[in-house]
Amino acid sequence: MERTHHSMLGNGFATRFATKCGFERSDLKTRQAVEQYQEVKDEISDLDFDETLEALRNRDTNGTVGCVAAKPNGELAAATSTGGRSSQLAGRIGDSPQVGSGTYCDSQAAVSATGIGEAIIKTTLSRRCRDNITEGMSPKEAAEKAIEFLDTKTGREAGLIAVDANGSLGSYHNAEEMHTSRIEYG
Ligand code: ASP
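Residues numbered from 1 in each chain as written. Predicted model: local features only at pLDDT ≥ 70, side-chain atom pairs only at ≥ 80, totals over all residues. Heavy atoms only, no water.

**Notes on the overall build of the protein chain**
Then comes step 1: Secondary structure assignment for the protein chain yields 6 helices and 6 strands.
Then comes step 2: Starting at the N terminus and walking to the C terminus, you meet the elements of the protein chain as α-α-α-β-β-β-β-α-α-α-β-β.
Then comes step 3: Overall, the C-alpha framework of the protein chain stretches about 55 × 45 × 30 Å when taken along its three principal axes.
Then comes step 4: In the protein chain, which comprises 186 residues, the proportion classed as buried is 28%.
Then comes step 5: Sequence-distant contacts in the protein chain: of pairs separated by 6 or more residues, those separated by 24 or more amount to 52%.
Then comes step 6: Carbon and sulfur atoms make up 50% of the accessible area of the protein chain, which amounts to about 12,700 Å² in all.
Then comes step 7: Here the protein chain contributes 21 positive and 28 negative side-chain charges, whose respective centroids are spaced 7 Å apart. (Helix = DSSP H or I, 4+ residues; strand = E, 2+ residues; numbered from the N terminus. Buried < 20%, exposed > 50% of the residue type's maximum accessible area, 1.4 Å probe, protein only. Contact = heavy atoms within 4.5 Å. Areas by Shrake-Rupley, 256 points an atom, 1.4 Å probe, with all protein chains shown as cover. Lys, Arg positive; Asp, Glu negative; His and termini not counted. Charge placed at Lys NZ, Arg CZ, Asp CG, Glu CD.)

**Here we look at the pattern of salt bridges**
Then comes step 1: Summed over the entire model, instances satisfying the criterion amount to 8 salt bridges.
Then comes step 2: Residue Asp-131 is joined to Arg-127 by a salt bridge in which the shortest nitrogen-to-oxygen separation is 2.9 Å. On the criterion of helical spacing, the pair formed by Asp-131 and Arg-127 is a turn pair, its members being 4 residues apart in helix H5 (residues 125-134).
Then comes step 3: Here Asp-131 falls in the partly exposed class, since its relative accessible area comes to 23%.
Then comes step 4: Its relative accessible area of 32% is what places Arg-127 among the partly exposed residues.
Then comes step 5: Salt bridges sharing partners connect three or more residues here, namely Asp-106, Arg-127, Arg-130 and Asp-131. (Salt bridge = Lys/Arg side-chain N within 4 Å of Asp/Glu carboxyl O.)

Here you go:
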């Protein structure tokens with residue numbers, strides 16, 4: 001966003017652009033992820049298309065790191081990095097890169113989400129949390145209200161972290177666990 005006028009690049013072109021910007025390619029696959037992939041591949045190898053879709057439906061693990069930041073002058077930033085849900089169809093796009101769903105940031109609030117991407121997208125969860133903040137809720141209340149909405153609408157699991165322009169932080173999750181930590185600089 002600093003070097004082009006675009007908001008988002010995708011496909012192999014994003015990789016090419018990152019390389020031009022000086023980022024190095026590296027293989028981020030863990031042994032555990034490779035083993036899990038092989039396990040799923042073996043499990044579905046004899047299934048037809050419909051059976052494969054059914055087998056993959058409820059078989060997944062998540063892994064996302066989200067970050068929200070506020071500077072004393074009120075500048076805000078949000079970032080979300082995910083391995084995505086495992087065992088999903090090739091070509092699936094989750095919530096994390098979708099502005100308003102997995103990530104949202106403007107002058108009012110910075111928000112990052114984790115959990116079941118399809119439910120987060122359906123409820124534009126990060127933007128919903130931000131809107132709650134602009135209506136006067138604390139980031140904690142805003143996150144709780146947004147997650148309650150997702151829970152009622154979809155019955156799925158998610159978590160949110162949020163910060164407002166005053167640097168007030170909040171988080172909430174209906175998933176079994178979500179680890180958070182706070183770091184102060186300067
Ligand atoms: N939200 C991510 C996705 O659905 C997964 C996660 O948060 O772990 O791709």
